[in-house]
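# Tertiary structure, described
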Amino acid sequence: MAQAPLTPSGTEDEEEPPSMAPHVPREHREQHGKDAPPGFVPPMTAEDVAAVEAVLGYDFADKSLVELALTHGSFYYPYRPGDTYERLEYLGDGVLTCLMSREVFRTYRTLPPGPLTRLRAANVDTEKLARVAVVRGLHRFLRHKAPQLEGQIHIFIEEMCKYPVHSNGLLDPPKVLSDIVESLIGAIYFDSNFDQEEVWRASTLLRC
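An unreviewed UniProt entry annotates the chain as RNase III domain-containing protein originating from Panicum hallii var. hallii.

Okay, structure coming up:
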């Protein structure tokens, strides 16, 4: 019998209600005024940063990492290009893969590498991480100006209702949703001076 995908706590997937952390509406968070000076990019509000920290259960020493982890490349239009979450996503992807490798290795002590690899992949695939972003409400804080992205996210949220746990490849979630989960993990890893245990503790809150 095939093993069910692990959650960070080593249990089977259980759907949880979306996070109800308070937040500021998007229109108040992305005020690119027409009279803004060239190169102006609005900062993330302190309220939004605190709400994201509440979801993660982690208090950032460098609050700017929260903003960076949630900033898509399109957010700078029509202003200058700027820093995005891509480097933090790269870091988070690596540390999450490492930590999940450790978890399945410890949990399934007799499994050979093939099944271990499949278990790890099931826990870090794009759809699972995208579900985490939606269930925890992280998508509400994404900073972007991609015209089609809001619609794509809305469609994915509606389709999630048809597949409460996982669609096994039938859904095509916007990759940006999994990206921001990985970038936030990367931000915690960097902010905590590369403390894997701190990342693992926080990642137990990012499960669905």
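More follows now that the structure is in view.
Once that is clear, we can look at the pattern of salt bridges. In the structure shown here, the tally under the stated rule is 8 salt bridges. We note a salt bridge from glutamate 53 to lysine 63, for which the minimum N-O separation is 2.7 Å. Of this pair, glutamate 53 sits in helix α2 (residues 46-56) while lysine 63 sits in the loop between α2 and α3 (64-69), and the two are 10 residues apart along the sequence. Taking relative accessible area as the criterion, lysine 63 reaches 36% and is therefore assigned partly exposed. Of the charged contacts in the structure, one is a salt bridge between aspartate 179 and lysine 175, with a shortest N-O distance of 2.7 Å. In this pair, aspartate 179 and lysine 175 are both assigned in helix α8 (residues 175-191), 4 residues apart and thus about one turn of the helix distant.

So, on to the nonpolar core. Counting 49 residues, the largest nonpolar core has Val52, Phe60, Leu70, Leu138, Leu177 and Ile180 as the members making the most contacts within it. Looking at this core, the elements with two or more residues in it are α2, α3, α4 (86-107), α5 (113-124), α6 (126-135), α7 (149-160), α8 and α9 (196-203). At 9 residues, the largest contribution of residues to this core is made by α8. Apart from residues lying up to four places away in sequence, valine 52 is in contact with Met44, Val66, Leu70, Leu138, Phe141 and Leu184.

The next thing to look at is unusual backbone geometry. Of note in the backbone geometry, asparagine 193 takes a positive phi value of approximately 60° without being a glycine. Looking at the element boundaries, asparagine 193 is found in the loop between α8 and α9. The phi dihedral of phenylalanine 194 is positive, around 65°, even though this residue is not glycine. Relative to the helices and strands, phenylalanine 194 resides in the loop between α8 and α9.

Calculation notes
- Residues numbered from 1 in each chain as written.
- Predicted model: local features only at pLDDT ≥ 70, side-chain atom pairs only at ≥ 80, totals over all residues.
- Heavy atoms only, no water.
- Salt bridge = Lys/Arg side-chain N within 4 Å of Asp/Glu carboxyl O.
- Helix = DSSP H or I, 4+ residues; strand = E, 2+ residues; numbered from the N terminus.
- Buried < 20%, exposed > 50% of the residue type's maximum accessible area, 1.4 Å probe, protein only.
- Core = buried A, V, L, I, M, F, W, Y, C linked by side-chain atoms within 4.5 Å.
- Contact = heavy atoms within 4.5 Å.

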